[in-house]
There are 2 protein chains.
Amino acid sequence: MPLQEKLLIQRIRRAAGAVAKRGKGIGDDCAVLELPRGHEALITTDFSLEGVHFRREWHPADSVGHRCLARGLSDIAAMGGVPQAAFLSLALPLELGQRWVDGFVAGFLKLANRFSIKLTGGDSAQSPDGVLADIVVLGSVPAGQAVLRSGARPGHLVYVTGTLGSSVDTLNQLRDGRKLSPKAYPKHFYPEPRLAVGQYLREKKLASAMIDISDGLSTDLGHICEESHTGAVVEADALPAIAGKEGLKLALHGGEEYELLFTAPPNRRVPKKIVGIPITRIGETTRGRTMKVVLPNGKTEALKPGGWQHFD
Amino acid sequence: MPLQEKLLIQRIRRAAGAVAKRGKGIGDDCAVLELPRGHEALITTDFSLEGVHFRREWHPADSVGHRCLARGLSDIAAMGGVPQAAFLSLALPLELGQRWVDGFVAGFLKLANRFSIKLTGGDSAQSPDGVLADIVVLGSVPAGQAVLRSGARPGHLVYVTGTLGSSVDTLNQLRDGRKLSPKAYPKHFYPEPRLAVGQYLREKKLASAMIDISDGLSTDLGHICEESHTGAVVEADALPAIAGKEGLKLALHGGEEYELLFTAPPNRRVPKKIVGIPITRIGETTRGRTMKVVLPNGKTEALKPGGWQHFD
């Protein structure tokens, strides 16, 4: 392997603390991990590709590292799972500076440490073009208790965590050429995977179906409806949308939110806040197979999946 | 997501049989998998990047798909593990034809089917440049029985499966501009992960340390020595090298072999063949921390890790 790549990787390993921890799985062909007794494995993989999922001129390195891991953790959250370990495949262009790599690793590990998960393995390569990352998160969940997309029944109520629309709103400002301070726009640059909320909903058996909003509410609610064989109606006035004339559109179709969208049977009492995160009821599932939205003017329209398409 | 990407992905899913199998994990945020009782999880991730690990003008699509999965399966083999499921993150350039994708999927699934493992999930994206694949294989092994790199002790015997050198020999011919029929050079185009051999060695408790030869014998033996705190001496005459004046060099340093390299205590009888694959004793581990090779002329030289560097 070329010297510079080797140095980059050594730096990543050192930063991740992997070299210091010899033995089981570290520096081996595979990582070896014991899952909690009676748990099933959850696995998710997500690309973070330069020019597709981020731009180096828009996103500081620590934000790219944070968002890379957040994508995987959010998928674990959406199953009600507990993250156990992360694996990072990272291909870097040779011209990339060490400072960028350090920033990426710092952002990645800061989030990993907050959820007490280790960077346990991965792969590295020289990239032919741009930064290419693929994050794998292994999680676990008590056997048979993962919250799937397929558990909603007609008449269940639809809920969402947090607020909707600000991630794409920030992206639109970046597209318009605005210079933004990343710390002032955390929903886009440092999104928070809703792990504690997902685990709470699973433990209390409140959620009948769940997904994270990565492709936009309209698209991801469509996934729940498809897998659960239901329709849904959403009340626009109920959405926790950001302010502004674009607010409703961004709340319905904006992606990369990493909020949880879930359904619950009508007889279950869902708290207004879970671990400090606001929970908003936004509609219900229906017997038909179509999605509808009741607009602020009282009119009902078809709601078509029209979600997030990254940067195209 | 752009229409063409969507169509490509639907085709992959259909080919993989994923769409037909609704329910647990399929079409969900994570795959949900139950490991055999008393087993630990093995996880490995490996990039297959166009221009780094393969070239579209050299490697037919089904070979790229086969090699992509073989990289992951070989890591499971090197732990003595049983593969359980594969996850594929695949980014494709928009101009890529459907025929190439079909070929990739066919090569991937043919190998997967032979080992009865399912393509259970993954991610997809539009690639900014070239085909980008990252394979994740989840395997399992009875708790505490994974064969690590760190178990060799001074005086253990060193063994290797199959033959060495032909994968890079084939690559050198491709580099020289030769047109080759892939089926005639299976060690390079369709390498065979040594899963049954790895499992046999683990079950019979024959191997004290094990690794697959992906970076070349000299580099990968170096990994065993480093993790086991030993040195090693290799007898050049004993190597199952391919013929030709480059044979010894290719056997010592050529990569992408996917053969297993393992050590065994001297009192264990290692068969000359395991499930039909020849096993060759090539040297032993030593108390010093250096690696040496005894050349055919009887002279002993230092053996430096000088392995495989992909296509640079």
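Throughout, residues of each chain are indexed from 1 in the direction in which the sequence is written. Written order determines the labels here, with chains lettered from A and ligands numbered from 1. The predicted origin of the model limits local features to residues at a pLDDT of at least 70 and limits the giving and counting of side-chain atom pairs to 80 or more, whereas totals for whole chains, interfaces and linings rest on all residues.

## Concerning the sheet that holds strand β5 (residues 132–142) of chain A
Thinking step 1. Pairing within the open sheet is mixed, and its 5 strands lie in the order β4(A)-β3(A)-β5(A)-β2(A)-β1(B). Every interior strand has two partners, whereas the edge strands, β4 (118–126) of chain A together with β1 (31–33) of chain B, have only one. Here the average twist between neighbouring strands, direction ignored, is 20 degrees.
Thinking step 2. Between any two strands, at least two bridges found by DSSP are needed for them to pair. By definition, any uninterrupted DSSP run of H or I lasting at least four residues is a helix, any uninterrupted run of E lasting at least two residues is a strand, and each is numbered from the N terminus. In terms of strand pairing, strand β3 (residues 82–92) of chain A meets β4(A) through 8 bridges, oriented parallel. Paired with A91(A) across the two strands is A125(A), which belongs to β4(A). All axes are obtained by fitting lines to C-alpha atoms, using only the stretch in contact for helices, and the reported angles, taken between N-to-C directions, cover 0 to 180 degrees.

## Focus on the interface of chain B and chain A
Thinking step 1. In this complex, chain B contributes 55 residues to the contact, which on the side of chain A involves 55 residues.
Thinking step 2. Contributing elements (two or more residues each) for the side of chain B that touches chain A: β1, β2 (39–49), α2 (61–77), β3 (82–92), β4 (118–126), β5 (132–142) and β7 (209–212) of chain B.
Thinking step 3. No other element matches the 9 residues that β2(B) contributes to the side of chain B that touches chain A.
Thinking step 4. Any residue that is not Ala, Val, Leu, Ile, Met, Phe, Trp, Tyr, Cys, Pro, Asp, Glu, Lys or Arg is counted as polar, Gly included; the first ten are nonpolar and the last four charged. Across the side of chain B that touches chain A, the residue classes break down as 27 nonpolar, 14 polar and 14 charged.
Thinking step 5. As defined by bridge partners, strand β2 (residues 39–49) of chain A adjoins β1(B) across 3 bridges and the pair is classed as antiparallel. Counted as the bridge partner of L42(A) is V32(B) from β1(B). Any two residues are considered in contact once their C-beta atoms, placed from the backbone, lie within 7 Å.

## Description of the domain arrangement of chain A
All names here are of chain A.
Thinking step 1. Boundary definitions for the domains trace back to an automatic or database domain assignment. Each assigned domain of chain A is listed with its residue range as follows: domain 1 (3–142) and domain 2 (157–302).
Thinking step 2. Here the C-alpha centre of domain 2 lies 27 Å away from the C-alpha centre of domain 1.
Thinking step 3. Taken together, the 17 residues of domain 1 in the interface contact 18 residues of domain 2.
Thinking step 4. If you list the elements that add at least two residues to the side of domain 1 that touches domain 2, you get α2 (61–77) and β3.
Thinking step 5. It is α2 that contributes the most residues to the side of domain 1 that touches domain 2, 9 residues altogether.
Thinking step 6. Among the residues making up the side of domain 1 that touches domain 2, the classes are represented as 10 nonpolar, 5 polar and 2 charged.

## Let's talk about unusual backbone geometry
Residues and elements named next belong to chain B.
Thinking step 1. Positioned with a positive phi, H229 is a non-glycine residue whose angle comes to about 60 degrees.
Thinking step 2. With respect to the helices and strands, H229 occurs in the loop between α7 (217–228) and β8 (231–235).
Thinking step 3. The partly exposed category is assigned to H229, around which 14 C-beta atoms lie within 10 Å.
Thinking step 4. The backbone of V275 shows a phi angle near 40 degrees, a positive value even though the residue is not glycine.
Thinking step 5. Tracing the backbone through its elements, the reader meets V275 in the loop between β10 (273–274) and β11 (277–286).
Thinking step 6. Counting other C-beta atoms within 10 Å of a residue's own tells you its class, since 20 or more makes it buried, 12 or fewer makes it exposed, and anything in between is partly exposed; those C-beta atoms are placed from the backbone. Take V275: there are 12 C-beta atoms within 10 Å of it, and that puts it in the exposed class.

## Remarks on the packing of α2(A) against helix α3 (residues 98–114) of chain A
Residues and elements named next belong to chain A.
Thinking step 1. Between α2 and α3, whose axes approach to 6 Å, the crossing angle comes to 40 degrees. Relative to α3, the element α2 lies oblique. The chirality of how α2 crosses α3 is right-handed. Judged by residue contacts, A61, D62, S63, V64, G65, H66, C68, L69 and A70 of α2 engage W100, G103, F104, V105, A106, G107, F108, K110, L111 and A112 from α3.
Thinking step 2. Residue classes in the contact of α2 with α3 are distributed as 12 nonpolar, 5 polar and 2 charged. For classification purposes, an angle smaller than 35 degrees is called roughly parallel, one larger than 145 roughly antiparallel, one from 65 to 115 roughly perpendicular, and anything else oblique. Here a crossing is called left-handed whenever its near helix is offset anticlockwise from the far helix by less than a right angle, and right-handed whenever the offset is clockwise.

## Some thoughts on the relation of the copies chain B and chain A
Two chain copies, one operation linking them: a rotation about an axis together with a shift along it.
Thinking step 1. With an RMSD of 0.0 Å, the fit of chain B onto chain A corresponds to turning through 180 degrees and sliding 0.0 Å along the axis. Seen this way, the second copy is the image of the first under a two-fold rotation axis.
Thinking step 2. When the interface residues of chain B are mapped onto chain A, 100% of them are again interface residues, pointing to one common binding face. Here the copies are matched by least squares. The fit uses the C-alpha atoms of residues with pLDDT of at least 70 in both.

## Observations regarding α2(A)
Thinking step 1. Here, expected helix span is obtained from the residue count minus one, scaled by 1.5 Å. In a regular helix each residue adds 1.5 Å, so 17 residues correspond to 24 Å; α2(A) covers 24 Å between its end C-alpha atoms and thus fits that length.
Thinking step 2. Across the chain, bend at a residue is computed as the angle between axes fitted to the seven residues ending at that point and the seven starting from it. Bending of α2(A) peaks at approximately 25 degrees at the position of R71(A).

## A short note on the environment of L132(B)
Thinking step 1. Along the polypeptide, L132(B) turns up in strand β5.
Thinking step 2. Along the primary structure L132(B) and R178(B) are separated by 46 residues, whereas in three dimensions their C-alpha atoms are 26 Å apart.
Thinking step 3. In contact with L132(B), not counting residues within four places along its chain, are L132(A), L49(B), A91(B) and S127(B).

## Notes on the nonpolar core
Thinking step 1. Membership of the largest hydrophobic core comes to 177 residues, with the highest contact counts inside it found for A86(A) and A86(B).
Thinking step 2. Excluding residues that lie within four positions of it along the chain, A86(B) makes contacts with L69(B), G72(B), A112(B), I117(B), L119(B), T120(B), I135(B), V136(B) and V137(B). Buried Ala, Val, Leu, Ile, Met, Phe, Trp, Tyr and Cys residues whose C-beta atoms connect them within 7 Å together make up a nonpolar core.

## Section: the pairing of β4(A)
Two faces belong to every sheet, and in a regular strand the side chains alternate between them.
Thinking step 1. Among the 9 residues in β4(A), 7 count as buried, and that is most of the element.
Thinking step 2. Whether a crossover is right-handed comes down to one check: with the strands pointing away from the viewer, does the path from the first strand over the helix to the second run clockwise; if it does, it is right-handed. Crossover handedness for the path β3(A) to α3(A) to β4(A): right-handed.

## Some points on the sheet that holds strand β1 (residues 31–33) of chain A
Thinking step 1. Read across the open sheet, the 5 strands follow the order β1(A)-β2(B)-β5(B)-β3(B)-β4(B); overall the sheet is mixed. A strand with exactly one partner marks an edge of an open sheet, and here the two such strands are β1 of chain A together with β4 of chain B. The average undirected angle you get between the axes of adjacent strands in this sheet is 20 degrees.
Thinking step 2. Across 11 bridges, β2(B) lies against β5(B) in antiparallel orientation. If you follow L49(B) over to β5(B), its bridge partner there is L132(B).

## A short note on the pairing of β11(B)
All names here are of chain B.
Thinking step 1. For strand β6 (residues 157–161) and β11, the ladder comprises 5 bridges, and the chain directions are antiparallel. Along β11, the bridge assignment pairs Y159 with R281.
Thinking step 2. The pairing of β8 with β11 spans 4 bridges and is classified as antiparallel. Note on β11: the bridge partner recorded for V233 is E284.
Thinking step 3. Joining the antiparallel neighbours β10 and β11 is a turn of 2 residues, in which V275 adopts a positive phi near 40 degrees.

## Remarks on the environment of P296(A)
Residue and element names in this part refer to chain A.
Thinking step 1. Structurally, P296 can be placed in the loop between β12 (291–294) and β13 (300–302).
Thinking step 2. Taking C-alpha positions, P296 is 5.6 Å from D237, a pair spaced 59 residues apart along the chain.
Thinking step 3. Once residues lying within four places of it in the same chain are set aside, the contact partners of P296 are A236 and D237.

## Describing the confidence of the model for chain A
All names here are of chain A.
Thinking step 1. Of the residues in chain A, 89% have a pLDDT of 70 or more, and the chain-wide mean is 91.
Thinking step 2. Along the chain, pLDDT gives the predictor's confidence residue by residue, from 0 to 100. Confidence over residues 18–25 falls short of pLDDT 50; this stretch has 15 contacts with residues more than four positions distant or in other chains.
Thinking step 3. Scoring the predicted complex yields pTM 0.91 and, for the interface, ipTM 0.89.

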